Amino acid sequence: MALKRELSFKGRSDESSPSKQTYQGKISKSPMTPGKYGNASQYIQNSEEIILPLEFNDSDLDLQNILGKYFPKDSYFIPEYPGKDQNYYETILCETQSAQIFHNKNGGELGFTKLLIQKVIHLEEWDRSSNPYVAKTIYSATCLNKKYNYWDYQKAWERVLLVQNYQMKHSWFIRFKEGCGEIPLWFFNNCWPKAGAIPEILPEDIIRMITQESEKNLKDYPFILMQFCVETSLPWIIKWEFDIQKTQFPATLRRKYYARWWDKFNIQAIINKRRYEASSKKSNMAKLKEDITKELLLKQPNLSQADLKLLVYERMFKMLDDTPHPLQIKSPKPEDEEDQVQCSQAVPGFVYYSPMKQEEEGSQGGISDYSPMSK
């Protein structure tokens, strides 16, 4: 693995990891918070994970030698089984039509990758009996006839991100496809803390809008931010890098995740749409209340004001409970091809993966033995 020895993998001066700022409804302004666009040009550390402890003889090795000793060739994680490399997990997401993945290369060097999340499959959708070990078959030529189950599918959302270039400057441009559907909680628990957006990178206008809608502090309720990104297709950028930690015993090899805002994104369209939807919702609720009141008075003209008010709200709550969540309704209008977005200095030139064949729905294809308990 030809990593450049002269590079420092402990972070670069232009991509520091400041401590997270606290805010109430907005990001407090600082030299790193220029105006309403938050930390537009800065990466902020999102999370970190311990990959493995280093033995006494390994802690003084450089990163190149550590990776060469413990990791398979051209891999940036340690697979549980041979053959389950990054391409395997990427193929799973593409063949299940869960994601579209665009790799941008500059010559032979990977520059950045664009990830469009189309859907995240629930266990009930995977198999009618909710059996996570029901296996499916890959038909792509690069992983032909390999099997995967629901645990592999979950792991794919984490492992697909673990590509890197020799300069350790690869980045991901990520967004949900609008109307992609309800997101399972395991995705929020396993993937969002590493690869999700964080409040510290968002423009103040977006922070203000979300906190006004939810009346919650986003630092305490990260699920609200994920839902907002799902509903609005708000984009963000992430990267990760290795770090050798020697200050605690034992020394460990770690992976640090960073996020930043894409400062070319026009937030005004989202703000205008949310305001219009909120206004329409208020108008619709007022009209619904008026119609129910008229209907009840027509049938029971002698109702007292207290009884009338109680019946109106009972009817409204019942109607709202019977209404499908908007994220569960797929838009019939096909989405246009996504605009090309450049997140690094690489020359544009996307390589797009397209699923070759989909397994017939309802076909079980066998049982796979991979379990999350084996990792």
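Coordinates for the structure precede this section.
Residues numbered from 1 in each chain as written. Predicted model: local features only at pLDDT ≥ 70, side-chain atom pairs only at ≥ 80, totals over all residues. Heavy atoms only, no water.

Draft legend 1. Expanded view of the pattern of salt bridges. This model, assessed by the stated rule, comprises 15 salt bridges. Across the salt bridge formed by Arg159 and Glu80, the nearest N and O atoms sit 3.0 Å from each other. Taken together, the residues span a long stretch of sequence, with Arg159 in helix α4 (residues 150-159) and Glu80 in the loop between α1 (63-70) and α2 (86-95) at a distance of 79 residues. You can call Arg159 buried: its relative accessible area is 10%. Residues Glu241 and Lys239 are paired through a salt bridge, measuring 3.7 Å at the closest nitrogen-oxygen approach. When sorted by exposure, Glu241 lands in the same class as Lys239, which is buried. Connected through shared salt-bridge partners, Glu49, Lys155, Glu158, Lys194 and Arg255 make up one network. (Salt bridge = Lys/Arg side-chain N within 4 Å of Asp/Glu carboxyl O. Helix = DSSP H or I, 4+ residues; strand = E, 2+ residues; numbered from the N terminus. Buried < 20%, exposed > 50% of the residue type's maximum accessible area, 1.4 Å probe, protein only.)

Draft legend 2. Spatial organisation of the packing of helix α7 (residues 204-214) against helix α8 (residues 222-232). Where α7 meets α8, the axes come as close as 11 Å, and the angle between the chain directions of the two elements is 110 degrees. Put simply, α7 runs roughly perpendicular to α8. As for the relative orientation of α7 and α8, their crossing is right-handed in sense. Every residue of α8 that contacts α7 at Ile206, Met209, Ile210, Glu213 and Ser214 is listed here: Ile224, Leu225 and Phe228. Looking at the contact of α7 with α8, its residues break down into 6 nonpolar, 1 polar and 1 charged. (Axes fitted to C-alpha atoms, helices over the stretch in contact; angles between N-to-C directions. Parallel < 35°, antiparallel > 145°, perpendicular 65-115°, else oblique. Left-handed = near helix turned anticlockwise from the far one by under 90°. Contact = heavy atoms within 4.5 Å. Nonpolar A, V, L, I, M, F, W, Y, C, P; charged D, E, K, R; others polar.)

Draft legend 3. How the structure looks around the packing of aromatic side chains. Applying the stated criterion across every chain yields a total of 25 aromatic pairs. Through a chain of ring-to-ring contacts, the aromatic side chains of Trp126, Tyr148, Tyr150, Tyr153, Trp157, Phe176, Trp186, Phe187, Trp192 and Trp236 assemble into a single cluster. A cation sits over an aromatic face here: Lys239 above Tyr258, 5.1 Å from the ring centre. Above the plane of the ring of Tyr43 lies Arg260, whose end atom (NZ or CZ) is 5.3 Å from the centre. (Phe/Tyr/Trp six-rings, centres within 6.5 Å; stacked < 30°, edge-to-face > 60°. Lys NZ or Arg CZ within 6 Å of the ring centre and 35° of its normal.)

Draft legend 4. The arrangement of the packing of α2 against α4 in detail. Running from N to C, α2 and α4 cross one another at 115 degrees; their axes reach a closest spacing of 8 Å. As judged from the angle between their axes, α2 and α4 are roughly perpendicular. Both α2 and α4 take part in a crossing whose hand is left-handed. On α4, the residues that touch Gln86, Tyr88, Tyr89, Ile92 and Leu93 of α2 are Asp152, Tyr153, Lys155, Ala156, Trp157 and Arg159.

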